[in-house]
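Topology and contacts: notes
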Amino acid sequence: MPFESSRDALFQPCRIGCLELANRFVRSATWDPAMVFARRVDLRTVQTYQALAAGGAGLLVVGDFSAGLPTTGHGSYSYDDVRIRGFRRLVAAIHGAEPTCRVIAQSGVDVPGAAPSGVPTPFDDRPPRTLSLREVRALTQRLAVAVRGVRRDGFDGAQFHAAHGGLLSRFLSPYANARRDAYGGSPEGRARILRESVAAARDLVGDFPILVKMNGSDFVPGGLDLTSLPAQAAAVAAAGIDAIEISGGMWDCLVRGERELGFRPVPSPEARTHLTPDEESYFARYAHAAKGAVDVPIILTGGNRDLVRLATLVRGGIADLIGLSRPLVREPDLIARWRSGKGASSAACISCNGCLYDMYAALDRGTPGHVVCVAAQAPERWPA
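Note that the coordinates shown come from a computational prediction; the quantities given were computed from them, not determined experimentally.

A word on the pairing of strand 5 (residues 102–108)
The side chains of a regular strand alternate between both faces of the sheet. The element strand 5 is largely enclosed, with a buried count of 6 among its 7 residues. As paired strands, strand 4 (residues 59–66) and strand 5 are joined by 6 bridges and run parallel to one another. Residue pairing in the sheet places Leu60 in a bridge with Val103 of strand 5. Examined bridge by bridge, strand 5 and strand 8 (residues 157–162) share 4 bridges and lie parallel to one another. The residue of strand 8 that forms the bridge with Ile104 is Gly157.

Re helix 15 (residues 354–364)
In an α-helix there are 3.6 residues to a turn, and that puts residues three or four apart on one side. Residues Gly354, Cys355, Leu356, Met359 and Ala362 constitute the buried set of helix 15. The secondary structure elements touched by the buried residues of helix 15 are helix 2 (33–38), helix 13 (326–330) and helix 16 (374–377). Phi turns positive one or two residues past the end of helix 15, at Gly366, with a value near 80 degrees.

Looking at unusual backbone geometry
Positive phi, close to 50 degrees, is recorded for His274, a residue that is not glycine. With respect to the helices, strands and loops of the structure, His274 is situated in the loop between helix 10 (258–261) and helix 11 (284–291). Look at Ser351: it is not a glycine, yet its phi comes out positive at around 55 degrees. Along the polypeptide, Ser351 turns up in the loop between helix 14 (334–340) and helix 15. For Ser351, a relative accessible area of 2% translates into the label buried.

Here we look at empty space enclosed by the protein
Across all of its chains, the model carries 1 cavity of 30 Å³ or more by this definition. Approximately 80 Å³ is the volume attributed to the largest cavity. Mapped by element, the contributors of at least two residues to the lining of the largest cavity are helix 13, helix 15 and helix 16. When residues of the lining of the largest cavity are assigned to their parent elements, the largest contribution, 3 residues, is made by helix 13. Partitioning the lining of the largest cavity into residue classes produces 8 nonpolar, 3 polar and 2 charged.

Points about the environment of Leu229
Summarising the element assignment, Leu229 is placed in helix 9 (residues 229–237). Classification of Leu229 as buried rests on a relative accessible area of 0%. Taking the C-alpha atoms as reference points, Leu229 and Ala290, separated by 61 residues in sequence, lie 6.5 Å from one another. Setting aside residues no more than four positions away along its own chain, Leu229 makes contact with Met214, Asn215, Gly216, Leu224, Tyr286, Ala289 and Ala290.

About the cut-offs
- Sequence positions are assigned chain by chain, starting from 1 and proceeding in written order.
- Local features are withheld for residues below a pLDDT of 70 in this predicted model, meaning they are given only at 70 or higher, and side-chain atom pairs are given and counted only at 80 or more; totals for whole chains, interfaces and linings count all residues.
- As a convention, hydrogens and water are excluded, and side-chain values are obtained from all of the structure's heavy atoms.
- Relative accessibility decides the category of a residue: with a 1.4 Å probe and only protein chains considered, values under 20% of the type maximum give buried, values over 50% give exposed, and everything between is partly exposed.
- Under the scheme used here, helices are H or I runs from DSSP no shorter than 4 residues and strands are E runs no shorter than 2 residues, and both carry numbers assigned from the N terminus.
- Strands pair, by our definition, only if DSSP identifies at least two bridges between them.
- Throughout, a residue-residue contact means that at least one pair of heavy atoms, one from each residue, lies within 4.5 Å.
- Using only the protein atoms, space was sampled on a 1 Å grid; points where a 1.4 Å probe fits but cannot get out form cavities, open sets with protein on both sides within 12 Å along at least five of seven lines form pockets, and lining residues are those with an atom within 4 Å of a point.
- Grid points are joined across faces, edges and corners, and a volume is the space filled by probe spheres set on the points.
- In this classification, the charged set is Asp, Glu, Lys and Arg, the nonpolar set is Ala, Val, Leu, Ile, Met, Phe, Trp, Tyr, Cys and Pro, and all remaining amino acids, among them Gly, are polar.

Below, the structure is given as structure tokens:
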């Protein structure tokens with residue numbers, strides 16, 4: 001398929017709920033340690049998002065901030081407890097750089113030491129504490145307040161982070177959720193926390209786009225997989241969300257070997273390294289399985305590298321939109337380049353994960369910074 005046909009497939013306007021997008025490209029949430037740890041947006045973060053907006057993406061997802069911090073006072077809860085200072089300035093800068101670009105904020109919840117049930121994790125000597133019904137219901141209110149807050153900050157929508165083994169991901173996973181009450185026991189029960197969160201948010205914000213990012217597979221025995229995914233995706237869609245982004249992997253899977261997993265485990269459960277062309281778009285079959293079970297748009301994220309291949313996936317009904325993360329660390333203007341027909345149909349990203357290793361090294365030093373493409377800065381250290 002030539003460039004021209006690929007542009008026809010991927011650069012058409014589309015919708016997520018009431019949100020109109022200029023094209024089918026989504027910059028998937030990419031963690032910004034400097035923002036998350038400092039709880040503020042600095043100039044470099046603003047400049048990064050301005051470049052991404054000008055670089056052609058139809059939708060930008062600002063990386064995860066937790067709505068599950070401890071409450072203040074006597075059980076009171078405020079968006080100001082969790083918001084990132086400078087969010088309004090960031091949104092204004094994005095819209096100013098490209099008025100057609102839309103931006104949403106991703107949030108999750110976290111209760112240290114607690115989980116849906118006491119299923120042991122390989123990263124802790126003690127099983128987690130099981131969340132009480134009161135705590136679960138409180139989390140739904142926190143997520144709703146977070147949605148209202150990001151709307152007030154000017155975002156065009158919100159996304160609940162229910163992938164990669166975080167708290168919401170563990171609710172959805174039959175591996176991690178062994179509850180026998182209304183929040184477990186079936187796909188609908190495991191999705192109930194999302195359904196109640198969306199309902200509470202709708203009471204506050206009305207018709208405002210709310211998306212969910214979830215695993216297609218947890219890559220652990222008894223977890224979400226191709227067999228259980230369609231029913232779980234259908235239950236998530238029935239929660240009232242406007243689109244599902246499909247990713248995969250939870251941290252627990254990283255203790256398994258390459259032979260068991262079918263891929264090399266690296267310190268990011270959703271990432272694959274040094275992809276061959278045949279290994280690109282590695283969550284495509286999961287996106288296809290989910291798409292057959294729901295009537296909301298499916299966003300495919302993970303190893304998307306070649307424009308012609310991606311157009312084939314969208315034309316073939318495998319997914320509705322395409323998520324990109326690491327390729328846009330390397331080339332913030334990749335989508336604009338693809339649209340112009342300049343250069344190769346493939347991204348320059350070599351999937352080395354150097355950007356993530358560099359980020360983790362900075363965290364170990366106690367100096368969280370911004371995610372950068374190490375391969376572009378020092379190609380001799382990161383051969384293709």
